[in-house]
Amino acid sequence: MEEFDTVVVGAGQAGVAASEHLTNLGIEHVVLERARIAERWRTERWDSLVANGPAWHDRFPNAMFQCDDDAFPDKESVAAYFEAYAKQFNAPIRTGVNVTAVTPKDGAFLLETTQGKITARHVIAATGPFQKPAIPPIVPSDAGPLQIHSSAYRNPDQLPEGAVLVVGGGSSGVQIAEELMEARRPVYLSIGPHDRPPRRYRQRDNVWWLGVLGKWNADSPGLGAEHVTIAVSGAHGGRTIDFRRLAHRGITLLGMAKGYQDGIIKFSNDLRNNLNAGDANYLSVLDEADAYIAKHGLDLPTEPHARTIPEDPDCVKTPIHELDLSKAGIGTILWATGFHFDFDWINADTFDDQGRPRHQRGVSEEPGLYFVGLPWQSRRGSSFIWGVWHDAKFIADQIAIQRSYMAYHGSAAIRTPDDT
């Protein structure tokens, strides 16, 4: 049985970052990866996916992407980036090793893997936020149309003939819906509450505004915003998402999917409210940006046209509340509805009743067990490429601190009642 001080589970962006910081601290470790480095970028994303942040920002501090700084790297470039990055410091990554169980035992951990058992004093779960596809139990599996999650979608040719109902108005849902529309598919897009930031405004990208306005450092989503999606995209060189413009180009917008009966899927009467709330969020960012520019005297050109909101399309003026899947010719329902955590392989009492880790900045309630890559692990930027690097450094530092305690062999002075 092999023994390590630390085992990192997962070799995506979180695992590679954790390995770098452990290496810099001289901490013996191994990284176990079920497939290849950055596998989810390689095989669990659609063909045309690009990063949602520009190359100058969505990266680790010690390496640039091999593309223009303002470009949005495609998924193959992102996977290649992490593979090359790991080689820079000879990361001890073992690929093709699946960790099936992690169990606390005698002050350490027993890891069961497809290549044998390992013991470790510390374990970092670096499997990221995109683990188990979440599909709401709305439409029965035998309803007729093909039902797939966005993680299984690759390109329009993969889908059967007919219209496509995309459920989910976040980055994935919007990009896929637009791609299907451009492939001449009839597309219905069901959207819920969302934030809709500008991709760029006054010659600065959204990520820059999030930085200077202090929004990357928010430590929680805010009351009532826990489940609000973010409609932002790097596709087509990076354009601001505008649902009304997509509707004017041919996509039929719908409110949130809420039920199904006898071949008919039902939608909430919330489409207009969702769009208006998204517009309000968009305009609030412009207001904050304008105020920041004025306060700091920056020479950035104005963009009055950015505040133009298109006229409501017909699908908003007369919203559809029920859709007969057969009559609408729906051949596919594509669920762009996010993911659930899947930590069933960790046998420790550090999860809530929904399977979410109980932790503080990635330090779990189980001594020696840590997480990297969780959404909002320490702040808004935690699940982004650049943010995970900083969270991983914090976790590696915590392990180093614990190691320093364990290395202490002195004896404390004991005072007796006779001491003066």
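In short, a report on the structure. (Residues numbered from 1 in each chain as written. Predicted model: local features only at pLDDT ≥ 70, side-chain atom pairs only at ≥ 80, totals over all residues. Heavy atoms only, no water.)

1. Things to note about the pairing of strand S2 (residues 29-33)
We count it as follows: Burial classes: relative accessible area under 20% of the type maximum marks a residue as buried, over 50% as exposed, and values in between as partly exposed (1.4 Å probe, protein chains only). Working definition: helices are DSSP H or I runs of at least four residues, strands are E runs of at least two. Numbering for both runs from the N terminus. Only when DSSP finds a minimum of two bridges between them are two strands counted as paired. By convention, a crossover is right-handed whenever its connection, traced from the first strand over the helix to the second and viewed with the strands pointing away, goes clockwise.
In terms of burial, S2 is largely enclosed, as five of its five residues are buried. Every second residue of S2 is oriented toward a common face, with His29, Val31 and Glu33 on one face and Val30 and Leu32 on the other, all of them buried. In this sheet, S2 lies alongside strand S1 (residues 2-9) in parallel orientation, the contact comprising four bridges. Across the sheet, the residue bridging to Thr6 is His29, located in S2. Each parallel crossover has a hand, and for S1 linked through helix H1 (residues 13-24) to S2 it is right-handed. The sheet contact formed by S2 and strand S3 (residues 93-95) spans three bridges and is parallel. By the bridge assignment, Leu32 is partnered in S3 with Arg94.

2. Quick word on the environment of Arg121
In this fold, Arg121 is placed in strand S6 (residues 116-125). With 278 residues separating them along the chain, Arg121 and Ile399 place their C-alpha atoms 9.6 Å apart.

3. Details of the layout of surface pockets
Definition in use: Each cavity reported here is a set of points on a 1 Å grid over the protein atoms alone in which a 1.4 Å probe fits but cannot get out, each pocket an open set with protein on both sides within 12 Å along at least five of seven lines, and each lining residue one with an atom within 4 Å of a point. Grid points are joined across faces, edges and corners, and a volume is the space filled by probe spheres set on the points.
A volume near 460 Å³ is recorded for the second largest pocket. Lining the second largest pocket are 24 residues, and of these Arg239, Thr240, Ile241, Asp242 and Arg245 lie nearest its centre. No other element matches helix H4 (residues 171-182), which puts three residues into the lining of the second largest pocket.

4. Some details on the pattern of salt bridges
Threshold: Salt bridge, as used here: a side-chain nitrogen of Lys or Arg that lies within 4 Å of a carboxyl oxygen of Asp or Glu.
One pass over the structure, following the stated rule, counts 25 salt bridges. Here Asp279 and Arg244 are joined by a salt bridge, their closest N and O atoms 2.5 Å apart. A residue pair is termed long-range when its members are at least 10 positions apart, and Asp279 in helix H7 (residues 271-296) and Arg244 in helix H6 (residues 243-248) qualify at 35 residues. On the accessibility criterion, Asp279 (8% relative accessible area) is buried.

5. Some points on the nonpolar core
Just so we agree on the cut-off: Throughout this description, the term nonpolar core refers to a set of buried Ala, Val, Leu, Ile, Met, Phe, Trp, Tyr and Cys residues connected via side-chain atoms within 4.5 Å. Between two residues, a contact is recorded if the distance between any of their heavy atoms is within 4.5 Å.
Phe60, Phe82, Ile124, Phe243 and Leu253 are the most contacted members of the largest nonpolar core, which has 65 residues in total. Those residues within four positions of Leu253 in sequence are excluded, and the remaining contacts are Leu189, Phe243, Arg244, Ala247, Leu271, Leu275, Cys315 and Val316. By size, the runner-up hydrophobic cluster in this structure holds 22 residues, among which are Val97, Leu111, Val123 and Phe351.

6. Some words on H4
Applicable threshold: Helix span, as expected, comes to 1.5 Å for every residue beyond the first.
Along its 12 residues, H4 runs 17 Å from first to last C-alpha, staying within 8% of the 16 Å computed at 1.5 Å per residue. Where burial is concerned, most of H4 is hidden: 10 out of the 12 residues are buried. Inspection of H4 places Ser171, Gly173, Val174, Gln175, Ile176, Ala177, Glu178, Glu179, Leu180 and Met181 among the buried residues, and these make up the whole buried set. Taken together, the buried residues of H4 touch strand S9 (163-167), strand S10 (187-190), strand S14 (229-230), H6 and strand S19 (330-335).

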